[in-house]
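Next come the chains, spelled out residue by residue.
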Amino acid sequence: MKSKSAIFATVSVVTLSLCHFVTSAAFAADKDCATRKTTPDGPQTLQQIVELGLCRNPQTSAAYLAAESARLTKNTGYAPYLPSVDASASVSDQYMNKQWQGRNYGASLSATWLIFDFGKRLENLNQMAAVWRASGFDYSNTVQNYVYKVIAAYYGLLTADAQVKSSAGLVTVSQSAKDTAAKKFAAGAAAKADVLQAETNLASRQLDLQRARNNREVAKGQLLYLLSFAQSQELKISDMPAQFGGATEMKTIDELIDKAKKTRPDLLSAQESANAAWHRRNSAFLSNLPSISANGSLSYNPERTFDQFGNPNDKLGGGIGIRASVPIFAGFANVYNVRAQEANYERAQEQMRDKENSVELDIWTAYQNYQTARQVLGQTDVLLKSATESEKVTGGMYKVGRATMLDWQTQQANLADAERQNISARYDLYVKRAALAQAVGDLKEELDSGDNSDKVTE
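Reading the values: rules and limits
- Residues numbered from 1 in each chain as written.
- Predicted model: local features only at pLDDT ≥ 70, side-chain atom pairs only at ≥ 80, totals over all residues.
- Heavy atoms only, no water.
- Buried < 20%, exposed > 50% of the residue type's maximum accessible area, 1.4 Å probe, protein only.
- Helix = DSSP H or I, 4+ residues; strand = E, 2+ residues; numbered from the N terminus.
- Pairing = 2+ DSSP bridges.
- Arc of directions from axis to C-beta.
- Core = buried A, V, L, I, M, F, W, Y, C linked by side-chain atoms within 4.5 Å.
- Contact = heavy atoms within 4.5 Å.
- Phe/Tyr/Trp six-rings, centres within 6.5 Å; stacked < 30°, edge-to-face > 60°.
- Lys NZ or Arg CZ within 6 Å of the ring centre and 35° of its normal.
- Axes fitted to C-alpha atoms, helices over the stretch in contact; angles between N-to-C directions.

## With respect to the pairing of strand β5 (residues 316-325)
Next up, step 1: Taken across its ten residues, β5 has zero buried, putting it largely on the surface.
Next up, step 2: For strand β4 (residues 291-300) and β5, the ladder comprises ten bridges, and the chain directions are antiparallel. Residue pairing for β5: Ser297 is matched across the bridge by Gly319.

Next comes the structure, spelled out in structure tokens:
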């Protein structure tokens, strides 16, 4: 198992990463962010969107409260090291021979202090501390998962908006083609079929524009949902520059896996869960050993009484002592409990190994997807440039009678497909970059690695 110094060092690493989100949400966001009913005015950067979401999202709030509950539960582990003190007071009135004998009063104070229990208290405290640390890592994991969803929705809205602008541009091109075909037909230089084909192509491009607008509304609704705003509201966001990214793609797979073992919150949570199971097993074994405690009591009776020799008894009384408790037999419950906790510890170890394998697979998959996305973006840039030039050339040739309307429409369709692929590839690269940062467990670096431009989409 990890030493305490190693455990707290690990906690510090993840806490620093997590504090980037928490402090930003607490101090950089609007003071009324949690209660506001309308979206903020002006274009919002990705950092601002994340801060706003963290301030309002109920899932991250619930995860924080779970971690806070575990911290307070952990603090109860210190109680057995301190004495327990009980106070009581009594009043009684005896009824004998058909009459009340008089009211009696009394008070007592007792204290018990566990002196020695072979380390059971320490194991219980260590177990609760490990559960608390695991809850903290679960909170960090919840935050990072939520931030990734916001990033994906953010770029999804940018993609949808770019598709709307692209579709609108293609409608303009198709309208120009229709006008050109109509003029040539009126001059007797083109057949009626060219006009009909141009009109059909224009209708198809207008239909694509309507679909793109619908997809944009759906993407906007997804982001508003993550920010806990009504779907009917509008939201302006700033585009990201093309150089968005960090140095993660320059690292090897082994370097990324080594980093994930130090920063991936769900893996660290699994390690702490195994650590808690180990202490829980030890505590179950130590419960079969003796314990030694000191106890004392003090009582007070205001009614003066007399003993058999006529001497008045003191109103105060009490005593002190040492008590040793040795569990001998409990119906084999302790034996089965030890075996059960041993099985739970072994299960936690296997779950931790499975999580380690899962982390390696996540990093491998995210790394390959990101590298592929970079190559795809470069290929779609070339494709878009080629399709744009081909459409212009074919359009010019049609105007001078050296190409048919079918040729021009084919190039327009190729241009539309190339623009859609390029837009999707551009923003998909950013999402894949975020997925790689999430797989490593450091979305803080993902947000810090890019600056927002002044482009606005609404």
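## What about helix α6 (residues 253-263)?
Next up, step 1: The set of residues buried in α6 consists of Ile253, Leu256, Ile257, Ala260 and Thr263. Angular distribution of buried residues about the axis of α6 spans 135 degrees; they occupy a single face of the element. Turned more than 90 degrees from where α6 packs its buried face, Asp254 and Lys262 sit exposed.

## Details of the nonpolar core
For soluble globular proteins, the rule of thumb is that nonpolar side chains tend to be buried together.
Next up, step 1: Core analysis: the largest hydrophobic core is formed by 53 residues, its most contacted members being Ile49, Tyr155, Leu223, Leu227 and Ile237.
Next up, step 2: Residue assignment for this core shows that the elements contributing at least two residues are α2 (46-56), α3 (58-75), α4 (120-186), α5 (192-226), α6, α8 (333-399) and α9 (405-440).
Next up, step 3: With 13 residues, α4 is the largest single contributor of residues to this core.
Next up, step 4: Aside from chain neighbours lying at most four places away, what touches Ile49 is Gln44, Val150, Tyr154, Leu223, Leu227, Leu235 and Ile237.
Next up, step 5: Grouped together as the second largest cluster of nonpolar side chains are nine residues, Ala181, Ala198, Tyr398 and Met405 included.

## Overview of α2
Next up, step 1: Of all the eleven residues making up α2, eight are buried; the element is thus mostly covered by neighbouring parts of the structure.
Next up, step 2: The complete set of buried residues in α2 reads Leu46, Ile49, Val50, Glu51, Leu52, Gly53, Leu54 and Arg56.

## Here's the deal with the environment of Gln375
Next up, step 1: When you line up the elements, Gln375 lands in helix α8.
Next up, step 2: Separated by 50 residues in the primary sequence, Gln375 and Ala425 place their C-alpha atoms 9.3 Å from one another.

## So, the packing of aromatic side chains
Next up, step 1: On inspection of all chains with the given rule, the structure shows eight aromatic pairs.
Next up, step 2: Measuring from ring centre to ring centre gives 4.6 Å for Phe116 and Phe118, while their planes differ by 55 degrees; the resulting arrangement is tilted.
Next up, step 3: Overall, Phe116 belongs to the partly exposed group, its relative accessible area being 40%.
Next up, step 4: Connected via pairs of aromatic rings, a cluster forms that spans Tyr154, Tyr155, Tyr427 and Tyr430.
Next up, step 5: Against the face of Phe185 rests Lys192, its NZ or CZ located 5.3 Å from the ring centre.

## Points about the sheet that holds β4
Next up, step 1: If you walk across this open sheet you meet the four strands as β1-β2-β4-β5, and the pairing is antiparallel. The sheet terminates laterally at β1 (84-96) and β5, the two strands that pair on one side only. Averaged over all pairs of adjacent strands, the angle between their axes in this sheet comes to 20 degrees, without regard to strand direction.
Next up, step 2: Alignment of β1 against strand β2 (residues 99-116), held across twelve bridges, turns out to be antiparallel.

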